[in-house]
Amino acid sequence: MVTRLRTIAVALPLFLWALPGRAQTAQPSPPEQKSPAAPPSPATQEVDATGESPAPKPAEAQPAAAAPAKVEQSLPIAAGPALHHAPVTVAKAHHPLRIVAEIENPHLVRHAYVVYNIPNEPEPLAVDFLRAPNGEYVAIVPSEHVSFPEFRYTVELERVDGARVGVFGSREAPQRVLVRAEHMDLRERALLTRLGGRRSKFSASGDYVNFGKSDVQDVDPSTGAVTTRRVSDRYYRIEGGYAFRPLQLVTEFGLRAGIVRGKAPVPLSADQVAAGSAPEERFNVGLNYGAPYLRVRVVDLVHLDGEFVSSVNEVGFSLGAGAALVLGEPYGTNLTLGFETIAVFGTRFFTRMDVLASDRVTLSPIIEVTDMPHANQFGVRLLAQIGIDFGAGFSAAVRGGYQARTFNQGGGSVGLELGYAF
């Protein structure tokens, strides 16, 4: 009996130890031997895939690479229009300016513009980009809008919804283009600076010229008797004119008009007296004239002047012409060699040297050889002129000198010229 109880006592603990799950209750496993968590149920996976479940706990979060890609499942965003443009930095004056661009999604663009300002124009101007055969878009700025020293522009798009946006530069800070001036432009600016920015000029002048007295053989129209008479050889001239100065190839053009009245040592013929001239008026001379003229640049220091004269004198209607060669600065120090001739009235050859004594004073010695007005021989005139610029466009010139047709007969002359430039 005692032996049987000992056997049961030994076997009972072994039996209890062998029961399932008993060992777990009796002695827990260490943490590293714990079984992994069970995968989520299909219902949980479906909620996670649609993004409707609350944010998972940190312990259950998946790596970023394994997370569902929401960008791939969303619709692509529609791209807007864009313009690509290499800015222009240098241009040539008075030549068309070509601006090239590429436009992305042109179907979303109604218009593309180059917007710019020009002097004396308060509102900005715009030029459209047009499609070129090679697929680019080109806007061409007219040559008259590209001038020295710079050109500024910006690029704007008008979308199909009507909105207008700047895509390159802005109206407040446009792209600056350096415009290279041509030689003619630089010359024009230099001459315009010398003229104080004034291209137009009105002038009025007057002269009194006295050659003294001359001996003439006078034939009495009624009797035919020949007598020697001493006749005054003098005249006065009043003239007004207007000049405009483009300062380009045509440097200056204008019109002169005036009258001349005086006496000459050449009497009218018998036919002219019979035509109605009184005997005491046979030595009177007169001229009403108009003379358009032009000054053309040959090279920088050589200019050519030309004029055409139409007139009415004591005989009748007559024509004339004149020309001059100007060597040096046309509105500075220069030497002028020229002539002028008018039918019946006479011809004159002259040379004139203009010397800038200062910014406001010009000295001009003048030599002239002439048989005007209607004289029987040439005389020589020696003159000196001083011109003064008073500023604000006002100027004046005073001249005087001596002239004679013979070595023992001569007289003085005086003249005044007033001008206003603007």
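These remarks concern the structure in this document.

The rules we used
Residues numbered from 1 in each chain as written. Predicted model: local features only at pLDDT ≥ 70, side-chain atom pairs only at ≥ 80, totals over all residues. Heavy atoms only, no water. Helix = DSSP H or I, 4+ residues; strand = E, 2+ residues; numbered from the N terminus. Contact = heavy atoms within 4.5 Å. Salt bridge = Lys/Arg side-chain N within 4 Å of Asp/Glu carboxyl O. Buried < 20%, exposed > 50% of the residue type's maximum accessible area, 1.4 Å probe, protein only. Phe/Tyr/Trp six-rings, centres within 6.5 Å; stacked < 30°, edge-to-face > 60°. Core = buried A, V, L, I, M, F, W, Y, C linked by side-chain atoms within 4.5 Å.

Focus: the overall build of the chain
On a plain count of helices and strands, the chain comes out with six helices and 22 strands. By sequence separation, contacts in the chain at least 24 residues apart represent 54% of the contacts at least 6 residues apart.

What about the pattern of salt bridges?
Under the counting rule described, the total for this entry stands at 23 salt bridges. Among the ionic pairs, Arg171 bridges to Glu156, the shortest N-O distance being 2.9 Å. With Arg171 in the loop between strand S9 (164–168) and strand S10 (175–180) and Glu156 in strand S8 (residues 150–159), this pair connects stretches of sequence that are 15 residues apart. Its relative accessible area of 46% is what places Arg171 among the partly exposed residues. Classification of Glu156 as buried rests on a relative accessible area of 9%. With its nearest N and O atoms 2.9 Å apart, the salt bridge here joins Asp354 to Arg352. In this structure, a network of salt bridges that share partners links the residues Asp207, Arg237, Glu239, Arg256, Glu307, Glu340, Arg348, Glu368, Arg381, Arg399 and Glu417.

Points about the packing of aromatic side chains
Tallied over the full model, the rule gives nine aromatic pairs. Each ring, one from Phe339 and one from Phe349, has its centre 6.4 Å from the other, and the planes form 35 degrees; the classification is tilted. Of this pair, Phe339 sits in strand S17 (residues 334–342) while Phe349 sits in strand S18 (residues 346–356), and the two are ten residues apart along the sequence. The class for Phe339 is partly exposed, based on a relative accessible area of 36%. Taking relative accessible area as the criterion, Phe349 reaches 45% and is therefore assigned partly exposed. When the ring of Phe394 is compared with that of Tyr420, the centres are 4.8 Å apart and the planes differ by 45 degrees; the resulting orientation is tilted. Placement of the pair is Phe394 in strand S21 (residues 394–406) and Tyr420 in strand S22 (residues 409–421), with a sequence separation of 26 residues.

As for the nonpolar core
Counting 26 residues, the largest nonpolar core has Phe129 and Tyr153 as its most contacted members. Every element with two or more residues in this core is listed here: strand S3 (97–104), strand S4 (109–116), strand S7 (137–141), S8 and S10. Contacts of Phe129, omitting those with residues within four sequence positions, involve Ile99, Val100, Ala101, Ala112, Tyr113, Val114, Tyr137, Val138, Ala139 and Val155. Core analysis: the second largest hydrophobic core is formed by eleven residues, Val209, Phe211, Tyr289 and Phe345 among them.

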